[in-house]
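Chains, contacts and geometry: an overview
As a plain string of letters, each chain reads:
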There are 2 protein chains.
Amino acid sequence: MAIIVKKFGGTSVGSVELIRSIAKRLARDYHRGDQLVLVVSAMAKTTDNLFNLAYEITRHPSRRELDMLLTAGERISMSLLSLSLMEEGITSISFTGSQSGIITDNHHGNAKILKVNAFRIHEELAKEKVVIVAGFQGVSTAKEITTLGRGGSDTSAVALACYLGAEKCEIYTDVDGVYTADPRIVPKAGFIKEIGYANMLALAYSGSKVLHPRAVEFACKYQVPVEVKSSFTFAPGTMIRAEESPKDCSMEDRFVTAIAHKDNIMRYRLSPNSRTIDLLKAWHHEIFKFAKVDDALELYVEAKYEAEIDYLLSQHGITALAKEGGLGFVILVGLGLAADPAYLARVMDLTADMRVERIAHSERSLELMLPTQNVARAVALLHQELIGENT
Amino acid sequence: MAIIVKKFGGTSVGSVELIRSIAKRLARDYHRGDQLVLVVSAMAKTTDNLFNLAYEITRHPSRRELDMLLTAGERISMSLLSLSLMEEGITSISFTGSQSGIITDNHHGNAKILKVNAFRIHEELAKEKVVIVAGFQGVSTAKEITTLGRGGSDTSAVALACYLGAEKCEIYTDVDGVYTADPRIVPKAGFIKEIGYANMLALAYSGSKVLHPRAVEFACKYQVPVEVKSSFTFAPGTMIRAEESPKDCSMEDRFVTAIAHKDNIMRYRLSPNSRTIDLLKAWHHEIFKFAKVDDALELYVEAKYEAEIDYLLSQHGITALAKEGGLGFVILVGLGLAADPAYLARVMDLTADMRVERIAHSERSLELMLPTQNVARAVALLHQELIGENT
């Protein structure tokens, strides 16, 4: 009997109605004979609300107490899901990160998983129970409650799948899976049924929000097959796994697998001195990208973090050399694009009027930085010219 | 009976003595029962010498005639190898790129492989012959002789392995395999027995010379297992394949797989106008890296190409905004390094006195640009601190 880990994000368990409907669908999977381990996030907005409560009390909450507070969020969603499953006649049991044996280091707020002692989960599965595990949390080697930081629930799910020897890890979310570009910008974007870890990792780092890069790294490192699928339809989604299916049209053809983009990015330029290095060591926020260009260290972050980062800078006594907003990124992901001058020429031709300020490439991506207002047009045009309708 | 493709580079077949000694070793493999397909480069320096002969005649040799000339190089090495095998009592037959069915597009000097019609190879293998194929060359759909450009022989070998359904492709070269850093700089560098395609691709793009990025892309796309090994010892080398073996010490540990470096790089800064785009379309030389930074397109190339590139620029009527030499790159390759501010801080701390001008990261690498004279020191220090002696 195969173990399947299924992870439900905050929007998927955002209301009692949604939780009930998920429980009904899960009941069918259960009766089909799979052993189910469910990983849940806190209900949408719960974590932010708890955060705000803490910050109403103090601007400098203790990280330990903050972790204690935040981990309440998953307790709520997982117990509600457990109750809903019982209503469907299924015996289930919910576990905190600690009870489920997720051992982390001691970095409150941004802990890394060290190992998973999953024997309690195995015991309960053996009793034919559905096991529900709180995502995003663990227990440190010092027996303290920790949270895993951004992408934490995805990472919990993939780590559990790995340690449990699960057949696969299913990530249920509010989209159907991965597309060749954002369907809101490119209505003819193609659905990707299967994608390799390396391309998915490049996409995840490039702003695709369906799966956190940290979880993709984990999946890749331990070769865990992951399926991203809709929590509303449970329809087959995008499979992420090692094998990449070759296109047999032309062996050495350069081709773009997908186009990712990112809007509303801010750039902080900082002096690369010891204070800045201290700042980086203490960094707790999601960072999109960094670069050192000549005399400035550049940090690229989403605009929504501006206030937090300004605060962090002031705490470290740092004045930014410059701060700009309204930046966007368009990233072509695919094998064989790197360091191909002819491909670069084609992309420069196509985007000649889009005020592209920076271009960079990695092993499997070509990245353009341009004003946010040109992002949608660039994605649409590059998709049309480089991917087309039939993918 | 498994088909094994073995490729021998220019230094491996650099003299009659070397060719004879390879034939003796191959005889043993043959008697062990494998079906052998050998891909050979021209003897070391032959291609350069032929190039020079053509340029003595004209500064503007026809690309078609140049391809005709250059492909003579592999004819020499493959027939010598075939004769040496016959001396060992083994029936062998040599094929040009055309005879072996390597079909390319029409780009003389830099052709891409479209497909391989390998029936003649299969016929000869069925007669228990060793088949020797000229690397680096093919025949275009217009029936013209083409060469594949840089990395051509590696690419021929991997493409043949793919089309023949070979068990693996062995690349024989003048080193034992892949190390965690260049052993000439880091005497304690560790030997890597097995590496995944994605990390190998990042290394190949970062200046590791053991296998050309183009061949790694091919191997990755078609999942061909490749072994890089010494043509002097035939000892087991580095296996490149899909699976990456997890380190079980700490699940989410960031770790550096290997450190690559590149010396003596030149940077051309060009205006990103239509002339420059035309130049890129006509580009035929190996390019290490390109980037657009603010108002300049930057091309990074090895210093040895300086004269050729200056000539190409003048042909296109382009004056560089700036031209600098003496640049070096140090690239940390490994999963989980990307966008980790704490890791960046650590690397900045370690290299604080090394005049690092640029830092960039991709999904699985962190790249420093610094003066060539600081490269060896940076590699040694970063290896000691981030990889250590035991790998």
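These numbers were taken from a predicted model, which means no experiment stands behind them.

1. Focus: the environment of R355 of chain B
Residues and elements named next belong to chain B.
- Take R355: it is sitting in the loop between helix 11 (341-350) and strand 19 (358-362).
- Along the primary structure R355 and L368 are separated by 13 residues, whereas in three dimensions their C-alpha atoms are 9.9 Å apart.
- When sequence neighbours within four positions are dropped, the list of residues in contact with R355 reads L370, P371 and N374.

2. Observations concerning the relation of the copies chain B and chain A
- Mapping chain B onto chain A calls for a screw motion: a turn of 180° about the axis and a shift of 0.0 Å along it, with 0.1 Å RMSD after fitting. Read as a symmetry element, the transformation amounts to a two-fold axis. Among all C-alpha atoms of chain B, that of S362 of chain B lies closest to the rotation axis, at 2.8 Å.

3. Some remarks on the sheet that holds strand 13 (residues 226-230) of chain A
Residue and element names in this part refer to chain A.
- With mixed pairing, the 8 strands of this open sheet are ordered in space as 3-6-2-1-9-13-14-12. Taken across any chain shown, the strands that pair with only one partner, and hence form the sheet edges, are strand 3 (92-95) and strand 12 (194-196). Going across the sheet, the axis of each strand differs from the next one's by a mean of 20°, ignoring polarity.
- Judged from the 3 bridges that link them, strand 13 and strand 14 (residues 238-241) form a sheet pairing that is antiparallel. Looking at strand 14, one finds that E227 is bridged to M239.
- Relative to strand 6 (residues 130-134), helix 5 (residues 119-126) is tilted by about 155°, and along the sheet it contacts strand 1 (3-8), strand 2 (35-40), strand 3 and strand 6.

4. A short note on the packing of helix 6 (residues 152-164) of chain A against helix 8 (residues 213-222) of chain A
Residues and elements named next belong to chain A.
- Look at helix 6 against helix 8: their axes get within 8 Å of each other, and the N-to-C directions meet at 15°. Taken together, the axis directions place helix 6 and helix 8 in an arrangement best described as roughly parallel. When you trace helix 6 past helix 8, the crossing you get is right-handed. On helix 8, the residues that touch D154, T155, V158, A159 and C162 of helix 6 are R214, A215, F218, A219 and Y222.
- Grouping the constituent residues of the contact of helix 6 with helix 8 by class yields 7 nonpolar, 1 polar and 2 charged.

5. Thoughts on the pairing of strand 6 of chain A
- Burial analysis of strand 6 of chain A places 5 of its 5 residues in the buried class, the great majority of the element.
- Burial along strand 6 of chain A is two-sided: the residues V130, I132 and A134 of chain A and V131 and V133 of chain A are all buried.

6. Overview of helix 9 (residues 274-282) of chain A
- Within the sequence span of helix 9 of chain A, burial applies to T276, L279 and L280 of chain A. Projection of helix 9 of chain A onto a plane perpendicular to its axis shows the buried side chains occupying an angular sector of 100°, all on one side. Turned more than 90 degrees away from the buried face of helix 9 of chain A sit S274 and A282 of chain A, all of them exposed.
- On the buried face of helix 9 of chain A, the contacting elements are strand 15 (258-270), strand 17 (296-302) and helix 10 (306-315) of chain A together with helix 11 of chain B.

7. Here we look at the domain arrangement of chain A
- Taken domain by domain, chain A comprises domain 1 (3-174) and domain 2 (258-387).
- If you average the C-alpha positions of domain 1 of chain A and of domain 2 of chain A, the two centres end up 32 Å apart.

8. Description of the environment of S94 of chain A
Residues and elements named next belong to chain A.
- Tracing the sequence through the fold places S94 in strand 3.
- In the structure, S94 is positioned 76 residues away from E170 in sequence and 18 Å away in space, judged by C-alpha atoms.
- If we skip the residues at most four places from it in the chain, S94 touches M78, S79, S82 and I132.

9. Let's talk about the interface of chain B and chain A
- Contacts between the two partners involve 52 residues from chain B and, on the opposite side, 52 residues from chain A.
- Taken together, the elements giving at least two residues each to the side of chain B that touches chain A come down to strand 5 (113-116), helix 7 (197-205), helix 8 (213-221), helix 9 (274-281), strand 16 (289-293), helix 11 and strand 19 of chain B.
- Ranked by residue count, the leading element in the side of chain B that touches chain A is helix 11 of chain B, at 6 residues.
- In the sheet, strand 19 (residues 358-362) of chain A pairs with strand 16 of chain B via 2 bridges, with the strands oriented antiparallel.

10. Describing the confidence of the model for chain A
- Here chain A shows a mean pLDDT of 89. Residues at 70 or above account for 96%.
- Two numbers describe this predicted complex: its pTM, 0.80, and its ipTM, 0.77.

11. Digging into the nonpolar core
- In terms of nonpolar packing, the biggest core is built from 232 residues, with V158 and L160 of chain A together with V158 and L160 of chain B touching the most fellow members.
- When sequence neighbours within four positions are dropped, the list of residues in contact with V158 of chain A reads C169, A215, F218, A219, V224 and V226 of chain A.

12. Examining the sheet that holds strand 1 (residues 3-8) of chain B
All names here are of chain B.
- The strand order 3-6-2-1-9-13-14-12 describes an open sheet built from 8 strands, whose pairing is mixed. Edge positions in the sheet fall to strand 3 (92-95) and strand 12 (194-196), since each of these pairs with one other strand and no more. Sheet twist, expressed as the mean angle between neighbouring strand axes with direction ignored, is 20°.
- Relative to strand 6 (residues 130-134), strand 3 runs parallel, the two being bridged by 4 bridges. Bridged to I93 within strand 6 is V131.
- Packing against the sheet, helix 5 (residues 119-126) makes contact with strand 1, strand 2 (35-40), strand 3 and strand 6, and its axis sits at approximately 155° to strand 6.

Criteria and thresholds
- Counting of residues starts from 1 at the beginning of each chain's written sequence and follows it residue by residue.
- Written order determines the labels here, with chains lettered from A and ligands numbered from 1.
- The predicted origin of the model limits local features to residues at a pLDDT of at least 70 and limits the giving and counting of side-chain atom pairs to 80 or more, whereas totals for whole chains, interfaces and linings rest on all residues.
- Strands are runs of DSSP state E lasting at least 2 residues, helices are runs of H or I lasting at least 4, and numbering of each runs from the N terminus.
- Residue pairs qualify as contacts under a 7 Å threshold applied to their C-beta atoms, which are placed from the backbone.
- Alignment of the copies relies on least squares applied to C-alpha atoms, considering only residues that score at least 70 for pLDDT in both.
- Strand pairing is assigned whenever DSSP detects at least two bridges linking the two strands.
- As a rule, the C-alpha atoms of each element are fitted with a line to give its axis, helices using only the stretch in contact, and angles between N-to-C directions run from 0 to 180 degrees.
- When an angle is under 35 degrees it counts as roughly parallel; over 145 it counts as roughly antiparallel; between 65 and 115 it counts as roughly perpendicular; any other value is oblique.
- By convention the crossing between two helices is left-handed if the near helix lies anticlockwise of the far one by an angle smaller than a right angle, and right-handed if it lies clockwise.
- Asp, Glu, Lys and Arg are counted as charged, while Ala, Val, Leu, Ile, Met, Phe, Trp, Tyr, Cys and Pro are counted as nonpolar; the rest, among them Gly, fall into the polar class.
- Neighbour density around each residue's C-beta defines its exposure: 20 or more other C-beta atoms within 10 Å make it buried, 12 or fewer make it exposed, and counts between make it partly exposed, where C-beta atoms are placed from the backbone.
- As used here, the arc is the angular range of directions from the helix axis to the C-beta atoms.
- Residue ranges assigned to the domains are those given by an automatic or database domain assignment.
- A score from 0 to 100, pLDDT tells how confident the predictor is in each residue.
- One nonpolar core equals one set of buried Ala, Val, Leu, Ile, Met, Phe, Trp, Tyr and Cys residues connected by C-beta atoms within 7 Å.

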